[in-house]
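# Residue-level structural notes
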Amino acid sequence: MQAEYDSNNIFARILRGELPCFKIYEDADNIAFLDIMPQSDGHALVVPKEPAVDFFGLSEAGAAAAIRATQRVARGVREAFQPDGVVITQFNGAAAGQTVPHIHFHIVPRYADQTLRGHAREKQSMDVLRQHADRVIAALAKLPA
Ligand code: 5GP
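Residues numbered from 1 in each chain as written. Predicted model: local features only at pLDDT ≥ 70, side-chain atom pairs only at ≥ 80, totals over all residues. Heavy atoms only, no water.

Grouped together as the largest cluster of nonpolar side chains are 27 residues, with contacts concentrated most on Ile24 and Val73. Among the elements that make up this core, the one with the highest residue count is helix α2 (residues 60-81) (8 residues). Among the nonpolar cores identified, the runner-up in size contains 7 residues, and Phe11, Ile14, Ile31 and Val100 belong to it. (Core = buried A, V, L, I, M, F, W, Y, C linked by side-chain atoms within 4.5 Å. Buried < 20%, exposed > 50% of the residue type's maximum accessible area, 1.4 Å probe, protein only. Helix = DSSP H or I, 4+ residues; strand = E, 2+ residues; numbered from the N terminus.)

Written out as structure tokens, the structure is:
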């Protein structure tokens, strides 16, 4: 069953420019910004512009565009933060851990000596997020098209 889309969810409001974000990437179909409560440094979210609650509600073209964007942003995050590994996740439904009802992909760098911070728990300082966003933007600018 398809969940009904709430056009006032927080990511819809960010997409409309009603709320701020530390944007690191945009193309015709997606934007990406840093998670405000990052589980690790460099935790980024890729958000399709299509108004879909979850992966199941996304069109095939939207899914293909989202995966392309996720790969590109993940490359930028990896280049900027040089983590030991990168986890890419996408949650569907509250039972799966989804807290914002607009489709998005998490890019979570993993550092061998660090445990992950809690999911959607602790806000990072705006100064740190700004610095981290700048690092990813600079790394993305150096990637081949
Ligand atoms: P979900 O639980 O739906 O898979 O992930 C939602 C993510 O959005 C969480 O990791 C949470 O920290 C993040 N988040 C929640 N509100 C905001 C916000 O206002 N701005 C940003 N940038 N991230 C948010």
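Still more to cover.
Take α2 next. The terminal C-alpha atoms of α2 lie 31 Å apart, and with 22 residues this matches the ideal 32 Å at 1.5 Å per residue to within 8%. Regarding α2, the residues found buried are Gly62, Ala63, Ala65, Ala66, Ala69, Thr70, Val73, Ala74, Gly76, Val77, Ala80 and Phe81. Where α2 is buried, its residues meet β1 (23-26), β2 (30-34), β3 (44-48), β4 (85-89), β5 (105-110) and α3 (126-142). After α2 finishes, the residue Gln82 shows a positive phi value of roughly 50°. (Expected span 1.5 Å × (residues − 1). Contact = heavy atoms within 4.5 Å.)

Here we take up the sheet that holds β4. The strands making up a sheet associate through backbone hydrogen bonding, with each pair oriented either parallel or antiparallel. Taken in spatial order, the 5 strands line up as β1-β2-β3-β5-β4 in an open sheet, and their pairing is antiparallel. Two strands close off the open sheet at either side, each with one partner strand: β1 and β4. Along the sheet, successive strands turn relative to each other by an average axial angle of 20°, direction set aside. Looking at chain direction, β1 and β2 are connected through 3 bridges and run antiparallel. Across the sheet, the residue bridging to Glu26 is Ile31, located in β2. Across the sheet, α2 lies against β1, β2, β3, β4 and β5, angled at about 25° from β5, the strand it touches most. Across the sheet, α3 is in contact with β1 and β2; its angle to β1 comes to roughly 30°. (Pairing = 2+ DSSP bridges. Axes fitted to C-alpha atoms, helices over the stretch in contact; angles between N-to-C directions.)

A few words now on the site of the ligand. Taken together, 18 residues are adjacent to the ligand, and Asp35, Thr99, Val100, His106 and His119 come closest. In this structure, His104 approaches the ligand through a side-chain N or O atom, which is 2.9 Å from an oxygen atom. Across the complex, the protein chains shield 92% of the 520 Å² of accessible surface that the ligand would expose by itself. According to the grid-proximity analysis, the pocket containing the ligand is the largest pocket. (Near = heavy atom within 4 Å. Polar contact = N/O pair within 3.5 Å; in protein donor to acceptor, adjacent residues only side chain to side chain. Areas by Shrake-Rupley, 256 points an atom, 1.4 Å probe, with all protein chains shown as cover. 1 Å grid on protein atoms, 1.4 Å probe; cavity = no way out; pocket = protein on both sides within 12 Å on 5 of 7 lines; lining within 4 Å. Sits in = over half its atoms within 2 Å of the grid points.)

Right, let's talk about the layout of surface pockets for a bit. Approximately 450 Å³ is the volume attributed to the largest pocket. Around the largest pocket, the lining comprises 22 residues; the ones closest to its centre are Phe11, Ile14, Phe33, Ile36 and Met37. Looking at the lining of the largest pocket, the element that brings in the most residues is helix α1 (residues 10-15), giving 3 residues. Residues that form the lining of the largest pocket fall into these classes: 16 nonpolar, 5 polar and 1 charged. (Points joined across faces, edges and corners; volume = space filled by probe spheres on them. Nonpolar A, V, L, I, M, F, W, Y, C, P; charged D, E, K, R; others polar.)

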